[in-house]
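# Secondary and tertiary structure notes
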Amino acid sequence: MDVADEALMEMARRASESAYAPYSRFRVGAAVRTLAGGVYTGCNVENASYGLTCCAERSAVFAAVAAEGPGMRLVEVAVHAAAHSVPPCGACRQVIAEFGPQARVLFPSGGVVTVMRADELLPARFELDPPG
Ligand code: THU
């Protein structure tokens, strides 16, 4: 892993310390780097109504949009959890691919950090042309 990747993974790890995960006790952190050069983090936020939970990856992407606006584009996403493998879930793959189909996604897999492109993780994402 190069220094920039390691730094982004470390930001994801630190973000995981903020997770609100009293139900699963599975704390996840994510850090995203944008085309504009910004870095934003997110953590999972659970709810007593379990289905309302938001994953760390989506929290980070939404923070990036809130900071940079609708033109925000992702170049890198790093995910951390204290587990051997934490590939992003399907819903998060769809959200990541919306903003960066070519983004590099770093996540622990079998105890080592794996890098895959967003469009490798989700080859046929749902797309909808915005009304013109
Ligand atoms: N979780 C994430 O934050 N990211 C993922 O990609 C998968 C799962 C969270 C959701 C929930 O709070 C906990 O992990 C257990 O599923």
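Residues numbered from 1 in each chain as written. Predicted model: local features only at pLDDT ≥ 70, side-chain atom pairs only at ≥ 80, totals over all residues. Heavy atoms only, no water.

With that settled, consider the site of the ligand. As a structural note, the neighbourhood of the ligand is formed by Ser-24, Phe-26, Val-28, Asn-44, Glu-46, Thr-53, Cys-55, Ala-56, Glu-57, Pro-87, Pro-88 and Cys-89. At 2.9 Å, a backbone N or O of Ala-56 approaches an oxygen atom of the ligand. When the ligand sits alone it has 380 Å² of accessible area, and the protein chains cover 78% of it. Residues that form the shell around the ligand fall into these classes: seven nonpolar, three polar and two charged. (Near = heavy atom within 4 Å. Polar contact = N/O pair within 3.5 Å; in protein donor to acceptor, adjacent residues only side chain to side chain. Areas by Shrake-Rupley, 256 points an atom, 1.4 Å probe, with all protein chains shown as cover. Nonpolar A, V, L, I, M, F, W, Y, C, P; charged D, E, K, R; others polar.)

As summarised here, the arrangement of the five strands in space is S2-S1-S3-S4-S5, forming an open sheet in which the pairing is mixed. Of all strands in the sheet, those bounded by a partner on one side alone are strand S2 (39-43) and strand S5 (112-117). With direction set aside, neighbouring strand axes in the sheet form an average angle of 20 degrees. As judged from the five bridges shared by strand S1 (residues 28-34) and S2, these two strands associate in the antiparallel manner. The partner of Ala-31 across the bridge, within S2, is Thr-41. (Pairing = 2+ DSSP bridges. Helix = DSSP H or I, 4+ residues; strand = E, 2+ residues; numbered from the N terminus. Axes fitted to C-alpha atoms, helices over the stretch in contact; angles between N-to-C directions.)

Here we take up the nonpolar core. The biggest cluster of nonpolar side chains holds 22 residues, and the ones touching the most others in it are Val-32, Val-61, Leu-74, Val-77, Ile-96 and Val-105. Where this core is concerned, the elements lending two or more residues are S1, helix H2 (56-68), strand S3 (74-81), helix H3 (90-99), strand S4 (104-109) and helix H4 (118-121). Contact partners of Val-32, with chain neighbours within four places excluded, come to Leu-8, Gly-38, Val-39, Tyr-40, Ala-60, Val-61, Ala-64, Leu-74, Glu-76 and Val-77. Leu-8, Met-9, Ala-31 and Leu-106 belong to the second largest nonpolar core, which has six residues in total. (Core = buried A, V, L, I, M, F, W, Y, C linked by side-chain atoms within 4.5 Å. Buried < 20%, exposed > 50% of the residue type's maximum accessible area, 1.4 Å probe, protein only. Contact = heavy atoms within 4.5 Å.)

Turning to helix H1 (residues 3-16), a few remarks are in order. If you check H1, its first and last C-alpha atoms are 20 Å apart, about what 14 residues at 1.5 Å a residue would give, namely 20 Å. Those residues of H1 that are buried lie in contact with S1, S2, S3, S4 and S5. (Expected span 1.5 Å × (residues − 1).)

Function cannot be inferred from these measures alone, as they are strictly geometric.
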